[in-house]
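Geometric and topological summary
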Amino acid sequence: AVDNTFERLKEDLDDVLRSLLEEPHPHQTTTSPRQSRHSYTGCMNTDAIEELGAQPLLDLLRELGGGWPVLQGDDWNDTGYDWVRQMAHLRNYNNDILVSEWVAADITNSSNHIIQLDQPELGLPGREYFINPGDYFVSWQEVVVFGLDYFKKLVSLLKDTNNRTISNYLMWRFVKNRISNLGESYTGRKSKTILRSSLVARVSAERWRSCVTYVSGNLGYVVGAMFVKRYFPEASKNDTHEMIGLIRESFRTALHEARWMHEDTRKSGPGKGGHDSQECGLS
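Residues numbered from 1 in each chain as written. Predicted model: local features only at pLDDT ≥ 70, side-chain atom pairs only at ≥ 80, totals over all residues. Heavy atoms only, no water.

A count of helical and extended segments in the protein chain gives 14 helices and 4 strands. Counted over contacts in the protein chain with a minimum sequence separation of 6, partners at least 24 positions apart contribute 61%. Carbon together with sulfur atoms contributes 55% to the accessible area of the protein chain, which is approximately 19,100 Å² in total. (Helix = DSSP H or I, 4+ residues; strand = E, 2+ residues; numbered from the N terminus. Contact = heavy atoms within 4.5 Å. Areas by Shrake-Rupley, 256 points an atom, 1.4 Å probe, with all protein chains shown as cover.)

Written out as structure tokens, the structure is:
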């Protein structure tokens with residue numbers, strides 16, 4: 001559906017990651033690479049996936065808050081239901097529903113990592129499909145909140161919405177995200193929905209590409225470490241450290257010569273009398 005330089009680079013990277021994940025390591029002692037290869041092998045085992053059908057998903061739905069109301073009908077009740085607890089369970093499966101949260105460097109001080117919140121994708125590919133009055137940025141001590149207007153309206157909406165509707169929505173979004181783990185009869189239905197077909201071109205990726213994306217998306221640090229170990233020898237590391245050192249020194253020089261800046265601002269940067277360069281985002 002897309003063809004550009006970055007997409008071609010991504011495809012080349014997928015080829016490399018595929019070779020790493022398919023590489024046999026019978027005597028692998030490190031747990032993490034073994035788990036990533038095991039996940040990839042399981043994703044590629046389409047015979048077992050087809051045989052299991054939807055049962056693994058149905059079992060999971062029961063564990064995540066008593067099942068899906070739309071399937072259970074009158075058997076579902078909201079006694080003891082807590083949407084906050086249910087969202088926490090869903091987050092354990094890497095699902096951002098209603099609230100998207102992550103930890104990242106503080107843009108005002110890159111030596112700190114803080115919690116950041118934003119509105120998630122609400123079932124469509126991107127926010128351009130919604131009426132969005134604008135984004136807001138607010139720094140609350142150790143928390144950064146984007147889309148503040150969204151959160152204000154979300155709180156009011158949840159207060160005025162019954163538990164059954166909330167649970168239905170949360171579980172529907174979870175099922176939507178997990179359909180790709182099921183067999184062809186289920187993934188095919190997803191791609192043929194009116195909404196999906198009107199927004200996204202019907203281009204089916206090769207199975208191995210989907211599995212590489214799945215594993216790297218859930219075990220990104222592990223796969224990244226495998227890639228670095230294979231393709232970045234110690235000499236490359238030393239060259240990178242030298243390059244970063246030169247960039248830092250160049251930044252110090254440019255900052256010292258930037259007479260257009262206020263004196264206090266220049267002193268707060270790295271260099272003579274200033275802070276370490278890590279605090280300026282050059283680490």
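Mean pLDDT over the protein chain works out to 80, with 80% of the residues at or above the 70 mark. Mean pLDDT across the elements of the protein chain ranges from a minimum in strand E3 (residues 137-140), with 52, to a maximum in helix H3 (residues 46-52), with 91. Below pLDDT 50 for its whole length, residues 272-283 participates in 27 contacts with residues either more than four positions away or in separate chains. (pLDDT = per-residue confidence, 0-100.)

Take the side chain of Asp14 next. By the secondary structure assignment, Asp14 is in helix H1 (residues 5-22). Given a relative accessible area of 7%, Asp14 falls into the buried group. Apart from residues no more than four positions distant in its own chain, Asp14 is found in contact with Trp208, Arg209 and Val212. (Buried < 20%, exposed > 50% of the residue type's maximum accessible area, 1.4 Å probe, protein only.)

Now for the packing of aromatic side chains. Two aromatic rings are characterised by how far apart their centres lie and by the angle between their planes. If you walk through the whole model with that rule in mind, you get 7 aromatic pairs. With a centroid separation of 6.0 Å and 75° between ring planes, the pair formed by Tyr93 and Phe174 is classed as edge-to-face. Placement of Tyr93 in the loop between helix H6 (83-91) and strand E1 (100-106) and of Phe174 in helix H8 (residues 163-178) is noted, with a sequence separation of 81 residues between them. In this structure Phe174 comes out as buried when scored by relative accessible area, which is 0%. Plain terms: the ring middles of Tyr169 and Trp172 are 5.8 Å apart, the flat faces sit at 45° to each other, and that makes the pair tilted. Taken together, the positions of Tyr169 and Trp172, both in helix H8 and 3 residues apart, correspond to about one turn of that helix. Owing to a relative accessible area of 26%, Tyr169 belongs among the partly exposed residues under this scheme. Assessed through its relative accessible area of 38%, Trp172 is described here as partly exposed. (Phe/Tyr/Trp six-rings, centres within 6.5 Å; stacked < 30°, edge-to-face > 60°.)

On to the state of the cysteines, then. Two cysteines whose sulfur atoms are joined by a covalent bond form what is called a disulfide. Throughout the structure, instances matching the rule amount to 1 disulfide. Put simply, Cys43 and Cys211 are joined by a disulfide, and their sulfur atoms are 2.1 Å apart. Handedness here is read from the sign of the S-S torsion; for Cys43 and Cys211, about -85°, the answer is left-handed. Separated by 168 residues along the polypeptide, Cys43 in helix H2 (residues 31-44) and Cys211 in helix H11 (residues 207-218) bring together distant segments of the chain. With respect to class, Cys43 is no different from Cys211; both count as buried. (Disulfide = S-S within 2.5 Å.)

With that out of the way, let us pick up helix H4 (residues 55-63). When H4 is considered as a whole, its buried residues turn out to be Leu57, Leu60 and Leu61. All buried residues of H4 lie within an arc of 105° about the axis, which places them on one face of the element. Elements that come into contact with the buried residues of H4 comprise helix H5 (69-72) and H8. (Arc of directions from axis to C-beta.)

This next bit is on a nonpolar patch on the surface. A contiguous nonpolar surface patch, about 260 Å² in accessible area, is contributed by Leu58, Val70 and Leu71. For Val70, a relative accessible area of 52% translates into the label exposed. (Patch = residues over 30% accessible without salt bridge, like charges linked within 9 Å, V, L, I, M, F, W, Y side chains within 5 Å. Salt bridge = Lys/Arg side-chain N within 4 Å of Asp/Glu carboxyl O.)

This brings us to the environment of Tyr40. Tracing the chain through its elements places Tyr40 in helix H2. A relative accessible area of 3% places Tyr40 in the buried class. In this structure, the C-alpha to C-alpha distance between Tyr40 and Arg18, residues 22 residues apart in sequence, is 9.0 Å. Setting aside residues no more than four positions away along its own chain, Tyr40 makes contact with Arg18, Leu21, Glu22, Trp208, Cys211, Val212 and Val215. A distance of 2.7 Å separates the side chain of Tyr40 from the side chain of Glu22, its partner in a polar contact. (Polar contact = N/O pair within 3.5 Å; in protein donor to acceptor, adjacent residues only side chain to side chain.)

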